[in-house]
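Fold and contact review
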Amino acid sequence: MSVKAKWNIVLIVVVLAAFSLLAQQLRLRFDLTDDHRYSLSEPTKELLRSLDSPLEVQLLLNGKMNPSFVNLRHATDQLVKTMGLYGKVKTPSALKTKQATTEAADQLAEELHLTPVIIHERARDGQTVQTRLYPYAVLQYNGRRTVVPLLVNERGKSGEENINRSIEQLEFAFAEAISRLKRTDIPKIVFLEGHGELEERNVLDVEQQLATFFQVDRGSLTGEDGQLDPYAAVIIADPQNVFSERDKYLLDQYVMRGGRVLWLLNGVRFSDDYLATEGMTPVIPQDLGLQDMLFRYGVRIEPALLQDLQCLPIPVDVSEDPNAPNFQPLPWTYAPLLLTSDASPITAKLGQVTATFCSPISAVGEDSLIRREVLLATSNHSALTATPAKVDLSDLNPDTERFVHRFVPVAVALDGSFPSLYAHQMIPDGVVAPHDKQTRSTATHQVVVSAGSVIRNEWQQGQPLPCGFDRYTQMQFANRDFIVNSVLYLTDDEGLIPLRMKTMPLRLINDKTARDNRLLIQLLTTALPLVLLALVAAVYLPLRKHQYTYPI
């Protein structure tokens, strides 16, 4: 080999070594995957850079796992390593054996009262094998500790789909948990009272979920302007009484100062008790005195009743003999299964949401500073009933020709700068210590839902049922997640909620094809590389021998 060639090799080695050292110092990474699965969003990076103390991450997902959970564990490990490039993130020192690691994780899980996931699988010998796993991560920061669930287990989805969805949600789950750990002051939200809103027992399930993120209060308006300012969001859950001008002004000025409101309002009035006892209920328009305010904000809840062929069933006695009841499930078109939008971080990847006695929401006005986004809608087989009307349990065979409406909005997110209802009106009587009236809001968010039942939970045997749980079908719908996501969206000042929209394509192996062509696949993956290597050697070695053979 010539001296020049040797120096070229030395130069290449020096350049590669220098580049490697520079990449380590600058923490350069290149994510060439099409779904950017090894990259973090800018809000997450900023959150990690702001850590002033080490964040300790301990993964409890250990032990013998099937390939799907191995993928989840690997994705979580990779995420934690990537997080360590931008902040002070560390994991506990590895124990000597895998068995010791698993035992330590199980002990911590039991200490934190975490519920395990039981996996039933069939081994090759035909025996059923039961495995207990703890799909959680424990984060500790500045003496505070929180648990991050790693597994999204949505009913109706396959195991592979749930694992893939879990991997998609990892960054949001970790970022949201880190944000909670960093907070020195817990943000407050309030359920408004004083207008016949749902009692605490009827929203207890959602309230308990929100207590993970916020201090949850309840209270009425006293008339003092600015009373709501300490709250990050206000929830108005199914009021039944008219709002006074004083209360409307206080809410309006709260929004003008950047306040966020989750409105859950019925467009019609009905009676569940009358329906249960008499088998029918009159339905009339409900006037809460809020239509003019919502109109200024860009939406209107129509005083009409929605029906949908995609709905929940209810048990109805179809027997003619009162002594021998025969309950059969019949479609209850007044309880639609609402579709969710994948275009919004609130509803992305959520299942259906259930509600009863919904009303349509219409967009009004052409204010360029207000952006509307549909969150929930009926199916493409919906009907509208004008009110006043009567709903009768004896009439459960709807005329399908009436169901000609498509995707009628039932929940809408509003973003932007909103005009005040009181821009050209006097301050109402009863307002105490009014601030300077604002006629246009700063940039803020609101969510309007035209069915108070979306947030309501039922009770059974003295315990609250999960919000969105249907006792007859024993199915859990996404109501609770929808409400929690809505409040997180309203209060998200760090830009973390869009991380819920992260998507990774699911690449599944065809099990039948893999079994039928097992031998061929094994040969292609093991023998073919060796054959190709042999062919390359058979061509390259004679050429090299010929090149460096000199005539004597």
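Structure report, in brief. (Residues numbered from 1 in each chain as written. Predicted model: local features only at pLDDT ≥ 70, side-chain atom pairs only at ≥ 80, totals over all residues. Heavy atoms only, no water.)

1. Notes on the overall build of the protein chain
The line we're drawing: Put simply, DSSP marks the helices as runs of H or I at least four residues long and the strands as runs of E at least two long, and each gets a number from the N terminus on. Between buried and exposed lies partly exposed: a residue is buried under 20% and exposed over 50% of the maximum accessible area for its type, with that area taken using a 1.4 Å probe on protein chains only.
When helices and strands are counted, the protein chain shows 13 helices and 27 strands. Looking at the 552 residues of the protein chain, the share that counts as buried comes to 43%.

2. Some remarks on the packing of aromatic side chains
Stated precisely, the cut-off is as follows: Stacked, tilted and edge-to-face are the three classes assigned to paired rings of Phe, Tyr and Trp, where Trp is represented by its six-membered ring and a pair needs centres within 6.5 Å; plane angles under 30 degrees give stacked, over 60 edge-to-face, the rest tilted.
Applying the stated criterion across every chain, the model contains 7 aromatic pairs. Here the aromatic rings of Tyr297 and Phe418 are separated by 5.5 Å at their centres, their planes lie at 65°, and the arrangement is edge-to-face. Placement of the pair is Tyr297 in helix 10 (residues 291–297) and Phe418 in the loop between strand 22 (409–416) and strand 23 (444–449), with a sequence separation of 121 residues. Given the relative accessible area of 0%, Tyr297 is considered buried. Ring centres 6.4 Å apart and planes at 80° place the aromatic pair Trp332 and Phe357 in the edge-to-face group. Taken together, the residues span a long stretch of sequence, with Trp332 in strand 16 (residues 327–340) and Phe357 in the loop between strand 17 (353–354) and strand 18 (361–363) at a distance of 25 residues. Residue class for Trp332 comes out buried when judged on its relative accessible area of 6%.

3. Observations concerning the sheet that holds strand 5 (residues 136–141)
The test is simple: A strand pair is defined by DSSP finding two or more bridges across the two strands. In this description, contact between two residues means that some pair of their heavy atoms is separated by no more than 4.5 Å. To get an axis, a line is fitted to the C-alpha atoms, and for a helix only the part in contact is used. The angle between two axes follows their N-to-C directions and goes from 0 to 180 degrees.
The mixed open sheet is built from 4 strands, whose spatial order is 2-1-5-6. Bordering the open sheet on either side are strand 2 (89–90) and strand 6 (144–149), each of which pairs with just one other strand. Pairing between strand 1 (residues 55–59) and strand 2: 2 bridges, direction parallel. For Glu56, the partnering residue across the bridge sits in strand 2 and is Lys90. On the sheet, helix 3 (residues 67–83) packs against strand 1 and strand 2 and is oriented at approximately 170° with respect to strand 1.

4. What about the pattern of salt bridges?
Under the convention used in this document: Every case where a carboxyl oxygen of Asp or Glu lies within 4 Å of a side-chain nitrogen of Lys or Arg is listed as a salt bridge.
Evaluated as defined, the whole model comprises 20 salt bridges. Across the pair Arg49 and Glu42 runs a salt bridge, and its minimum N-O distance is 3.2 Å. By relative accessible area, Arg49 is classed as partly exposed at 42%. Accessibility expressed as a relative area gives 43% for Glu42, which makes it partly exposed. Residue Arg371 is joined to Asp415 by a salt bridge in which the shortest nitrogen-to-oxygen separation is 3.0 Å. Taken as a pair, Arg371 in strand 19 (residues 370–377) and Asp415 in strand 22 lie far apart in primary sequence, 44 residues in all. Take Asp415: its relative accessible area is 7%, and that puts it in the buried class.

5. A word on the side chain of Asp252
Operational definition: Residues scored as positive are Lys and Arg, those scored as negative are Asp and Glu, and His as well as the terminal groups of each chain are ignored. Under this definition, polar contacts are N or O atom pairs within 3.5 Å; protein pairs additionally need one hydrogen-donor-capable and one acceptor-capable atom, and for neighbouring residues in sequence, both atoms have to be side-chain atoms.
Counting through the fold element by element, Asp252 comes out in helix 8 (residues 245–256). The charged side chain of Asp252 is buried without a salt bridge, its nearest counter-charge being Arg296 at 7.1 Å. Within polar-contact distance, the side chain of Asp252 engages the side chain of Gln253 at 3.1 Å. A polar contact is formed between the side chain of Asp252 and the side chain of Ser420, at a distance of 2.6 Å. Once residues lying within four places of it in the same chain are set aside, the contact partners of Asp252 are Met293, Tyr297, Pro419, Ser420, Leu421 and Tyr422.

6. Focus: a nonpolar patch on the surface
Basically, it comes down to this: A patch is a set of surface residues, each over 30% in relative accessible area and not in a salt bridge, joined within 9 Å for like charges and within 5 Å for the nonpolar side chains Val, Leu, Ile, Met, Phe, Trp and Tyr. Here the open area of atoms and residues is found with the Shrake-Rupley method and a 1.4 Å probe, where only the protein chains shown may cover a residue.
On the surface, Leu520, Leu524, Leu528, Val531, Leu532 and Leu535 cluster together into a nonpolar patch covering about 540 Å² of accessible area. You can see Leu524 is positioned in helix 13 (residues 518–547). With a relative accessible area of 45%, Leu524 lands in the partly exposed category.

7. A look at empty space enclosed by the protein
Where empty space is left in the structure can be found by rolling a water-sized probe over the atoms. For clarity, the cut-off: The method works on a 1 Å grid over the protein atoms by themselves. A cavity is a set of points holding a 1.4 Å probe that cannot get out, a pocket is an open set with protein on both sides within 12 Å along at least five of seven lines, and residues with an atom within 4 Å of a point line them. Grid points are joined across faces, edges and corners, and a volume is the space filled by probe spheres set on the points. Note that Gly is not counted as nonpolar here; it falls among the polar residues with everything else outside the nonpolar set of Ala, Val, Leu, Ile, Met, Phe, Trp, Tyr, Cys and Pro and the charged set of Asp, Glu, Lys and Arg.
By the definition in use, this model includes 1 cavity of 30 Å³ or more. The calculated volume of the largest cavity comes to roughly 80 Å³. Here the lining of the largest cavity is composed, by residue class, of 5 nonpolar, 5 polar and no charged.

8. A word on the sheet that holds strand 21 (residues 389–392)
The 3 strands lie next to each other as 11-12-21, forming an open sheet whose pairing is antiparallel. The sheet is open, and its two edges are formed by strand 11 (268–269) and strand 21, each paired on a single side. Bridge count between strand 11 and strand 12 (residues 280–285): 2 bridges; the pairing is antiparallel. Residue pairing across strands places Arg269 opposite Ile284, the latter belonging to strand 12.

9. Quick notes on helix 5 (residues 159–168)
Note that an α-helix has 3.6 residues per turn; residues three or four places apart therefore point the same way. Within helix 5, 7 of the 10 residues are buried, leaving the element largely enclosed by the surrounding structure. All of the buried residues along helix 5 are Asn162, Ile163, Asn164, Arg165, Ser166, Ile167 and Glu168. Summarising the contacts, the buried residues of helix 5 are in contact with helix 3 and helix 6 (170–182).

10. Let's talk about the environment of Pro43
Residue placement: Pro43 occurs in helix 2 (residues 42–49). Residue class for Pro43 comes out partly exposed when judged on its relative accessible area of 27%. Separated by 453 residues in the primary sequence, Pro43 and Leu496 have C-alpha atoms spaced 6.4 Å apart. Discounting chain neighbours no more than four positions away, the residues touching Pro43 are Glu494, Gly495 and Leu496.

11. Some details on the layout of surface pockets
Here the largest pocket defines a volume of roughly 1,800 Å³. Contributing elements (two or more residues each) for the lining of the largest pocket: strand 6, helix 5, helix 6, helix 7 (204–210), strand 27 (475–476) and helix 11 (479–491). Empty space within the second largest pocket amounts to approximately 1,400 Å³. Elements represented by at least two residues in the lining of the second largest pocket include exactly strand 11, helix 9 (272–278), strand 15 (311–317), strand 16 and strand 26 (469–470).

12. A closer look at helix 2
Our working definition: Think of the arc as the fan of directions from the helix axis to the C-beta atoms.
Every buried residue of helix 2 is listed here: Thr44, Lys45, Leu47 and Leu48. For helix 2, the arc enclosing every buried residue in end-on projection is 160°, short of the 170-degree limit, so these residues lie on one face. Buried residues along helix 2 sit against helix 3, strand 2 and helix 6.

13. Describing the environment of Asp436
Assignment of secondary structure puts Asp436 in the loop between strand 22 and strand 23. On the basis of relative accessibility, which here comes to 69%, the residue Asp436 falls in the exposed class. A sequence separation of 211 residues divides Asp436 from Asp225, and the C-alpha atoms of the two residues are 9.8 Å apart.

14. Brief notes about unusual backbone geometry
Working note: non-glycine residues mostly have negative phi, and peptide bonds are mostly trans. Note that the residue after Thr387, namely Pro388, is joined by a cis bond; omega there is 5°. Of note, Phe407 is a non-glycine position whose phi angle comes to about 50°, a positive value. By secondary structure assignment, the location of Phe407 is in the loop between strand 21 and strand 22.

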